Amino acid sequence: MLQHRCIEMSQVDPLLQVTDLSKHFSLRKERLWGGEPQVLRAVDNVTFEIGRGESFGLVGESGSGKSTLARSILRLHEPTSGRIVFRGTDITHLPERDLRPLRRHMQMVFQDTKSSLNPRLRIRDIVAEPLVTHKLPHSAADVNELMDKAGLSEVFLDRFPHQLSGGQRQRVGIARALALSPDLIVADEPVSALDVSIQAQILNLLKVLQSEMGITFLLIAHDISVVTYFCQRVAVMYLGQVVELGPSREVMGNPSHPYTRALVSAVPRTDPRSRRSRIVLRGEIPSPLSPPTGCPFHTRCPVKIGPICSEVAPPAYPTASGGWAACHLLAPGTGASNSASSPLIQTGEGKV
Amino acid sequence: MMSNLSPLQQINSGATREMGQLLEVRGLRTEIPTRRGVVRAVDGVDLVLHEGEVVGLVGESGCGKTLTAYSILDLLPKPGVVAAGEIHFRGEDLRRKSTEERRAIRGNDIGMIFQEPLSALNPVFTVETQIGDVLRTHTNLDSTAIKERVVELLGHVGISAPERVARSYPFELSGGMRQRVLIAMAIACRPALLIADEPTTALDATIQAQIMVLLQTLVEEDGVSILLITHDLALVAELCDRVYVMYAGTVVEMAPVEDLYVRPRHPYTSALFQCIPGFQPSDRPLAAIEGSVPMLIDIPPGCRFADRCPYVADRCRTETPPLVDVGAGHRAACHFADSLDLPGPASEQLEQDHASAPVY
Ligand SMILES: Nc1ncnc2c1ncn2[C@@H]1O[C@H](COP(=O)(O)OP(=O)(O)OP(=O)(O)O)[C@@H](O)[C@H]1O
Ligand SMILES: Nc1ncnc2c1ncn2[C@@H]1O[C@H](COP(=O)(O)OP(=O)(O)O)[C@@H](O)[C@H]1O
Ligand code: SF4
Ligand code: SF4
Ligand SMILES: [Mg+2]
Ligand SMILES: [Mg+2]
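Predicted model only: the values in this text are computed from it and were never measured.

### Quick look at the interface of chain A and chain B
Taken together, the contact pairs 41 residues of chain A with 49 residues of chain B. Summed over both partners, the interface of chain A with chain B buries about 3900 Å², with 56% contributed by carbon and sulfur atoms. Seen at the junction of chain A and chain B, the total is zero salt bridges. Counting across the interface, chain A meets chain B through five residue pairs in polar contact (both at pLDDT 80 or more). Among the elements that take part in the side of chain A that touches chain B, helix α8 (residues 196-213) of chain A stands out by supplying nine residues, more than any other. Broken down by class, the residue content of the side of chain A that touches chain B amounts to 16 nonpolar, eleven polar and 14 charged.

Okay, here's the thing in C-alpha cells:
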C-alpha cells in the first residue's frame, strides 16, 4: 500500500494531506441485548494530498462516502483513525479551541441551499454570518464586495433565501464561504441540484475564484463531466475507499480501474449518432455494514479475475495516466495488466 | 406532394418511423392564477407522439415541461387549469371526457413516472399493496393473481429478489429500486404511453444507466411509447427519436434527434448544448446562458428568448417568431433559423476540434 503514497508525495506544497483516514460509524443493534454494535465503514483508509491552488475532485455513487470524507477533513466528524494535515498542522485530534483559528481557512459550500441557509435571516446577514461568528470587524461595504464576487446583485441583500432561485441561493452560499478569504473550499455537490444553464454559471464563478483568488477546491460531484471540467485531479470512491486517483482528464478519458470504466461508460453521450452499448453494472453498491472481503468491487466487477479478488485487497498500482488504481489486474508481471482493458472495450464502445 | 397534408401530417411524414399517431396535443394553454397575475405556464404547445416512439421534452426548470405533462394527464395542481387546446389520445379528445374516464385512462393506457421517486410512493404501505392497488383499480384480477402479477412486474423491471421487494416498505429500498418500483407501477396495466418526468435525475450514474436500459427494453420489447421529460440532453441523445425544446411555455424547436444535435436551429437549443461541461475544452469558461427564464405573467410581444439571446435584433423584440419548417420534420421559432450556423454537440466542426479530447 506504500505505492500510492510515493506517487502522491510528488505533489509540491500540499495544502492538505490526508493519510489512511477512516471514519466508521457504530450503529446500535436493533435488539437491546447481546452482540457487538454494528460498524459502518463510511470511509476506509483514504490517502491523498491536495496542492495549494489545486482543484481536486471526488466522484463516486451515493453512499460511497464522499460527504463523510469531506466532513471528516473539516472535522465536522471525528475521524476514527488516520491523519489530516492542513497548512502544515496536524489537525486530526486538535481540540476545538485550537482548531478554531484554522477553521477560518476552510469553508464549505453545500448542495442543498434550502437547508444550509437560515430561512429566517436576510441575505446580508447570511453572508456576514462567518465574520460575526469569528468576531471579525466588517462593514456594509465588505458584504457588498462579497456579493459582487459571487456575482449577486445588491438588490438581494434584504431578501430572504426563499425569495431567491436555486442558482441565486447557491451564489449566496458561495459569498458566505468567501467571507473569511479561505484557502480551501470544500464544495459538496454545489451544482447537482441546478439546471445545466445555471450549473454553467456557477462553475464559471468557481473557476474565476480558483484562478483569480487562488482558492484550493475539494469538489464533490457525482457528475463526471463536471469534475473533469473543473478539477485537475480526481479520486474515484467506491464503498468508502479510493479505487483510482489521477489527473482527471486522463483518468476519465482512459480509466484503469474496472469501476471507473463502468462509471465513465454509464455517462450518456450527447451525440445521438454514437449510442453505444454500455457496461451496465448489475445490482447496487453492497452495504457498508458488511463490505465485501478483498476488493470492494468484486461483487459487481465485470472482469473479476478469480478468487484473489474476493480474498486479497488489491494494492495501488501506478497507471498510465500517472496516477494509481487499486485492482489486481494491474499487477505487473501477471501479464494481465495489458489485457485489463480489452474485455471492457468490447462492450464499452459502440462507436467505430 | 406534401402540399395537401395538414402541418401535423407533414410532421408525421417527417418522422423517423412510419407509425400511427398516439398522442396529439394542439394549442395547449395552461394557466395558473396567482396573486401577481395569471401565469401562462404553457402557452400554445403543439406536440405529437407516434406509436412506439420516444419523444423528448427538454428545457430549463420552469419552462413548463411538467405542467404540459400534468395537463395531458389531468393532474394539474389547483388552481391550475387548461385554458385552451386539444389533447387527442388515440384519436379521442381527452378534454371532452369526464374526470372518471380520464382517471381510467391514466394508469390504464397512460402510465406515469414522476420526478421524486421518494414522495411518489406511500411510506406506510408495502410495495405489493401499492402496485396491487393499481391493479385492483384498473383490472378485475383476484388477489392471488394480483400477487403473482406484482412479483412478475418487479422481475420485469429488473429487481432480482421480487418476492422480498414486494413485501418491503419504500424506506427499505434504495433510490434505484424505488424508481424501478415506480416504473413497475406505471406499466402495471400495460399502458401504450409512458410519461416519464425526470426519471433518472435523482439517481446515480450507474443506476441511471440501468434505468435507461430498462426504458429502452420497454420500448423495444413491449412496444411502449415514451414522452421523456428531462433537462439532461445526454439522456435525450441516448433514448429519443424526436425532441421538443421548450422555452418559457412555448415550443421553440422540434426535430428528429440527430438533426437537432448535428445542427440545432434555435439559439436557445444551441445555448443549452453549450452549457454542458465537456462540450468545450476546460480551459475556456462554459458558455453559460446568463439570466433566467422570464416570468410568464403579462408576456410582452416578440421572442421570449430575446433578453438572453446572443443574436438578438430589433425585430426580435416586436415580432413573435412563428414555429416554421426548417427541414424534414424540423421546425424552429427564430427569425434567423435559416441563416444562423449554430453549433450542436454532434456538429462536424466540433468533432474535429475534439478529435483528441476525451468525449463524454
Ligand atoms: N403551483 C404553481 N403556482 C404558480 N406558478 C406555478 C405553479 N407551478 C408551476 N408554476 C410556474 O409554471 C411554470 C412552469 O412550471 P413547470 O413546473 O411546469 O416547469 P418545468 O419545466 O417542469 O420545471 P422543472 O424542471 O423545475 O420541473 C414556471 O414559471 C413555474 O414557476
Ligand atoms: N451520521 C451517520 N451515521 C451513520 N451512518 C452514516 C452517517 N453519515 C453517513 N452515514 C453512512 O455513511 C455512508 C457514506 O455516506 P455519505 O458520505 O453521506 O455518502 P455520499 O455523500 O457519497 O452520498 C452511507 O452508507 C451513509 O448511510
Ligand atoms: S481487483 Fe478484481 S474484482 Fe476488483 S476491480 Fe480488479 S478485477 Fe475487479
Ligand atoms: S428570434 Fe431573435 S431573439 Fe429570438 S432566438 Fe431568434 S435571434 Fe434570438
Ligand atoms: Mg453526499
Ligand atoms: Mg419539472
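### Describing the site of ligand 1
All names here are of chain B. Every one of the 13 residues lining ligand 1 counts as a neighbour, but S61, G62, K65, T66 and L67 are closest to it. Here an oxygen atom of ligand 1 sits 2.8 Å away from a polar atom, N or O, in the side chain of K65. Relative to its unbound accessible surface of 640 Å², ligand 1 loses 68% to contact with the protein. Counting only elements with at least two residues in the shell around ligand 1, the list comes to β1 (21-34) and α2 (65-73).

### Description of the site of ligand 2
Residue and element names in this part refer to chain A. Every one of the 13 residues lining ligand 2 counts as a neighbour, but G63, G65, K66, S67 and T68 are closest to it. Within the backbone of S64, a nitrogen or oxygen atom sits 3.4 Å from an oxygen atom of ligand 2. Contact between ligand 2 and G65: an oxygen atom at 3.3 Å from a main-chain N or O atom of the residue. Here ligand 2 loses 63% of its free accessible area of 560 Å² to cover by the protein chains. Across the shell around ligand 2, the residue classes tally to five nonpolar, six polar and two charged.

### Some thoughts on the domain arrangement of chain B
All names here are of chain B. Considered domain by domain, chain B is made up of domain 1 (21-245) and domain 2 (248-355). Centre-to-centre, using C-alpha coordinates, domain 1 lies 28 Å away from domain 2. Each partner contributes to the roughly 2000 Å² buried at the junction of domain 1 and domain 2, and carbon and sulfur atoms together form 61% of this total. Among the residues of domain 1 in contact with domain 2, E60, L233 and V245 are the three that bury the most area, contributing 33% of the side total. At the boundary of domain 1 with domain 2, the tally comes to two salt bridges. For R308, the salt bridge is made with E60, and the minimal N-O distance between the two is 3.1 Å. Where domain 1 packs against domain 2, one counts eleven residue pairs in polar contact (both at pLDDT 80 or more). Broken down by secondary-structure element, the contributors of at least two residues to the side of domain 1 that touches domain 2 are β2 (37-50), α9 (233-239) and β9 (242-247). It is β2 that provides the largest number of residues to the side of domain 1 that touches domain 2, a total of nine residues. Here the residues of the side of domain 1 that touches domain 2 sort into 13 nonpolar, five polar and seven charged.

### Examining the confidence of the model for chain B
Residues and elements named next belong to chain B. Confidence in the prediction of chain B, expressed as mean pLDDT, is 86, and 89% of residues score 70 or more. Ranking the helices and strands of chain B by mean pLDDT puts strand β12 (residues 330-332) first, with 98, and helix α1 (residues 7-14) last, with 41. Every residue in residues 1-18 scores below 50 in pLDDT, and together they form 24 contacts with partners more than four places removed in sequence or on other chains. Within the model, pLDDT remains below 50 along residues 350-360, and this stretch shows 22 contacts once partners closer than five positions in the same chain are excluded. For this predicted complex, the interface confidence comes out at an ipTM of 0.73, alongside a pTM of 0.79.

### Remarks on helix α2 (residues 66-73) of chain A
All names here are of chain A. Burial analysis of α2 places six of its eight residues in the buried class, which makes it a mostly covered element. Those residues of α2 lying buried are K66, T68, L69, A70, S72 and I73. One or two steps after α2, the chain reaches R75, where phi turns positive at roughly 60°.

### What to know about the pairing of strand β7 (residues 184-188) of chain A
Residues and elements named next belong to chain A. Among the five residues that make up β7, five are buried, leaving the element largely enclosed by the rest of the structure. Judged by which residues are buried, β7 turns out to be covered on both faces: L184, V186 and D188 on one side and I185 and A187 on the other are all buried. Bridging between β7 and strand β8 (residues 216-220) involves five bridges; their strand directions are parallel. Along β8, the bridge assignment pairs A187 with L219. One crossover worth recording links β7 to the parallel β8 by way of α8, and it is right-handed.

Here is what the cut-offs are and how they apply
Residues numbered from 1 in each chain as written. Chains lettered and ligands numbered in written order. Predicted model: local features only at pLDDT ≥ 70, side-chain atom pairs only at ≥ 80, totals over all residues. Heavy atoms only, no water. Contact = heavy atoms within 4.5 Å. Buried area = accessible area lost by both parts, 1.4 Å probe. Salt bridge = Lys/Arg side-chain N within 4 Å of Asp/Glu carboxyl O. Polar contact = N/O pair within 3.5 Å; in protein donor to acceptor, adjacent residues only side chain to side chain. Helix = DSSP H or I, 4+ residues; strand = E, 2+ residues; numbered from the N terminus. Nonpolar A, V, L, I, M, F, W, Y, C, P; charged D, E, K, R; others polar. Near = heavy atom within 4 Å. Areas by Shrake-Rupley, 256 points an atom, 1.4 Å probe, with all protein chains shown as cover. Domains from an automatic or database assignment. pLDDT = per-residue confidence, 0-100. Buried < 20%, exposed > 50% of the residue type's maximum accessible area, 1.4 Å probe, protein only. Pairing = 2+ DSSP bridges. Right-handed = clockwise from strand over helix to strand, strands pointing away.

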